[in-house]
Amino acid sequence: MSRVIELEIKEKKFKNESLSSLENFKLEVNEGEKIAIIGESGVGKSTLLNIIGLLDGDFSGEYNIFGLSRKEMCDKELASFRNNKIGFVLQESALIDTLSIEENIKLPLCYADNEQKQFTLQDFEKITKAIRIENILKKKPLGCSGGERARAVLARGLIMKPKIILADEPTASLDEDNKERIVELLFKMNKKYNTTIITVTHDLEVAKRHDRIIKLERR
Ligand SMILES: Nc1ncnc2c1ncn2[C@@H]1O[C@H](COP(=O)(O)OP(=O)(O)OP(=O)(O)O)[C@@H](O)[C@H]1O
């Protein structure tokens, strides 16, 4: 089994304040693992996800992703990694209001090469059907409910068939039925493509269905 993430954070600071939960924090993740990150509000879960997703490099320590050192990647390589290898299902990755839900979901394809584009377009229907958003594809985000928008953010994160999915509270704001569909879809991606899944969640039942639970704590 290959190691996809080797992260060692010595310290992560915001302004001058150190985030104690991430002091001398180590995380190693193998390909295809399903990891849940839990912990009380404000402890640092989203910060950790941003570091893993190469969005935040402002920390002391070492980070290797797919065997490559973050420190040695230039901006172009970081952007390519984020677009091709990582699927973000982040709370703050807001949909663009002026685009339809379909255009929003297909946005990552603009940066894909032709081969990848054909491959992923075939899956568009499957994904939108699985999470029941076929009926809102032509709508604009502001005309959708919070749950519908959350499902569209998920579809956008999955469209490129990423090697790693980083999901921040993907089931918050969803009813039981839709929650189950989303967890099922994430786990199906994991099984079919050996996708590594890292989920931040407050829902212990959802967390327990992962291979490992990591609890962040203030120290
Ligand atoms: N850009 C930032 N600038 C300053 N402080 C920040 C920034 N981002 C996060 N923080 C602080 O770092 C701490 C951890 O925030 P983070 O969002 O990672 O927590 P969390 O565990 O994801 O919280 P929640 O469960 O409420 O989403 C908080 O105290 C937060 O105020």
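Residues numbered from 1 in each chain as written. Predicted model: local features only at pLDDT ≥ 70, side-chain atom pairs only at ≥ 80, totals over all residues. Heavy atoms only, no water.

If you check an unreviewed UniProt entry, the protein chain appears there as Putative ABC transport system ATP-binding protein from Lachnobacterium bovis DSM 14045. What UniProt states about the protein chain under its Sequence similarities (unreviewed entry) heading is, verbatim, "Belongs to the ABC transporter superfamily." (UniProt positions renumbered as here; feature names shortened; annotations may be inferred.)

**Concerning the environment of serine 46**
Looking at the secondary structure, you find serine 46 in helix α1 (residues 45–52). Classification of serine 46 by relative accessible area gives partly exposed; the value is 28%. (Helix = DSSP H or I, 4+ residues; strand = E, 2+ residues; numbered from the N terminus. Buried < 20%, exposed > 50% of the residue type's maximum accessible area, 1.4 Å probe, protein only.)

**With respect to the packing of helix α5 (residues 146–158) against helix α6 (residues 176–193)**
Following both chains from N to C, one finds α5 and α6 inclined at 5°, their axes separated by 12 Å at the closest point. Classified by the angle between their axes, α5 and α6 sit roughly parallel to one another. Mapping the contact onto sequence places Arg151, Leu154 and Leu158 in α5 and Asn178, Ile182, Leu185, Leu186 and Met189 in α6. Residues that form the contact of α5 with α6 fall into these classes: six nonpolar, one polar and one charged. (Axes fitted to C-alpha atoms, helices over the stretch in contact; angles between N-to-C directions. Parallel < 35°, antiparallel > 145°, perpendicular 65-115°, else oblique. Contact = heavy atoms within 4.5 Å. Nonpolar A, V, L, I, M, F, W, Y, C, P; charged D, E, K, R; others polar.)

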